[in-house]
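Next come the chains, spelled out residue by residue.
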Amino acid sequence: MPTDVSNEIRLSIKCSKLPNVDGFLGKSDPRCDVYRKDDSNPSWFLVGSTEHIRNNPNPEFKTKIFTTYEFKDNPQLKFHVIDVDHKDANKWESIGAWIIPLQQLNNAPDGMREGDLVNENRSGDKPGGLGSISVRAEVTKGRPGDIVKLKMKGTNIANKDGLKGASDPYLIFKKV
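Rules and cut-offs
Residues numbered from 1 in each chain as written. Predicted model: local features only at pLDDT ≥ 70, side-chain atom pairs only at ≥ 80, totals over all residues. Heavy atoms only, no water. Helix = DSSP H or I, 4+ residues; strand = E, 2+ residues; numbered from the N terminus. Buried < 20%, exposed > 50% of the residue type's maximum accessible area, 1.4 Å probe, protein only. Contact = heavy atoms within 4.5 Å. Salt bridge = Lys/Arg side-chain N within 4 Å of Asp/Glu carboxyl O. Disulfide = S-S within 2.5 Å. Phe/Tyr/Trp six-rings, centres within 6.5 Å; stacked < 30°, edge-to-face > 60°. Lys NZ or Arg CZ within 6 Å of the ring centre and 35° of its normal.

## Notes on the overall build of the chain
Step number 1: If you tally the helices and strands in the chain, you get one helix and eight strands.
Step number 2: When the elements of the chain are put in sequence order from the N terminus, they spell out β-β-β-β-β-β-α-β-β.
Step number 3: When the 176 residues of the chain are sorted by exposure, 30% land in the buried category.
Step number 4: A separation of at least 24 residues holds for 60% of the contacts in the chain among residues at least 6 apart in sequence.

So, in C-alpha cells, the structure goes:
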C-alpha cells in the first residue's frame, strides 16, 4: 500500500467587495494567482491563474485551478488577487492575498472556505477592507492505486419478513 496518498483538487474562486484600485476612471479588473508551498518545496510557486475580469468588484472566476493534495507534504495555498491593467496584461497592482492550509479547505463543510484579503506588506488594514475571497475545493479523482475492492458475504441473516418471505438485506455506504 502506498504511503504517499494524494488527491487531485479542483479550486473554484470568487471574490466580493474588491476595492476600486483603478481610481475614478473605472472598477478593478481582477485576476487571482494561486501559489503553493509545502514541506518538500518551502518556496511559493505558481500553481495557476484565473482569467482576468474587467470592471468587476465581485468576480466569479470561470477558470478552475488544479493542484494535488499530498497528505504527507502539509501544503499551503496563497490566493493573490491583483488588478490587471486593461491596456497591458503584464502590468498589475496587488489588491490583497489570503493564505490557507489546503487541509482546511479540503476538510471544510462542502469544501468551501471564505476569508478576508490582506495586504502582505502592511499591517493594520481594516478586516474586509480589501474585499473577501471564497474558495471551493473539490476532489476530482484519486490515484489509480487508491481503488478499494470489497468482497462480502452474509451468513445467518435474520429473516425479517416472517414465515413466507425472505429478507432482502442490503448495505449502505456513506462518504465520511
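## Overview of the pattern of salt bridges
Step number 1: Per the counting criterion, the structure on display carries three salt bridges.
Step number 2: Of the charged contacts, one joins Asp-33 and Arg-31 as a salt bridge, the two residues approaching to 2.9 Å between their closest N and O atoms.
Step number 3: For Asp-38, the salt bridge identified is with Arg-36, shortest N-O distance 3.1 Å.
Step number 4: Judged by relative accessible area, Arg-36 falls into the buried class, the value being 5%.

## Thoughts on the state of the cysteines
Step number 1: The full count for this structure, using the stated rule, is zero disulfides.
Step number 2: We note that Cys-15 lacks a disulfide partner, and the nearest cysteine sulfur, in Cys-32, lies 5.8 Å from it.
Step number 3: Cys-32 gets classed as buried once you look at its relative accessible area, which sits at 0%.

## Describing the environment of Leu-130
Step number 1: With respect to the helices, strands and loops of the structure, Leu-130 is situated in the loop between strand 7 (112-116) and strand 8 (132-142).
Step number 2: In this structure Leu-130 comes out as buried when scored by relative accessible area, which is 11%.
Step number 3: Here the alpha-carbon distance between Leu-130 and Ala-97, two residues 33 residues apart in the chain, equals 9.0 Å.

## Re the packing of aromatic side chains
Step number 1: The full count for this structure, using the stated rule, is one aromatic pair.
Step number 2: A ring pair is formed by Phe-79 and Trp-98, whose centres lie 5.8 Å apart and whose planes are at 35 degrees; its orientation type is tilted. One end of the pair, Phe-79, is in strand 5 (residues 76-84); the other, Trp-98, is in strand 6 (residues 92-101), with 19 residues separating them in the sequence.
Step number 3: Looking at Phe-79, the relative accessible area reads 0%, which means it is buried.
Step number 4: We classify Trp-98 as buried; its relative accessible area is 11%.
Step number 5: For the cation-ring pair, Lys-78 lies above Tyr-35, with the distance from its terminal atom to the ring centre recorded as 5.6 Å.

## Quick look at the environment of Glu-120
Step number 1: Tracing the chain through its elements places Glu-120 in the loop between strand 7 and strand 8.
Step number 2: On the basis of relative accessible area, Glu-120 is assigned to the partly exposed category, the value being 45%.
Step number 3: On a C-alpha basis, the gap between Glu-120 and Gly-96 in space is 7.3 Å, while along the polypeptide they are 24 residues apart.
Step number 4: The residues contacting Glu-120, other than those within four sequence positions of it, are Lys-78, Ala-97 and Ile-99.

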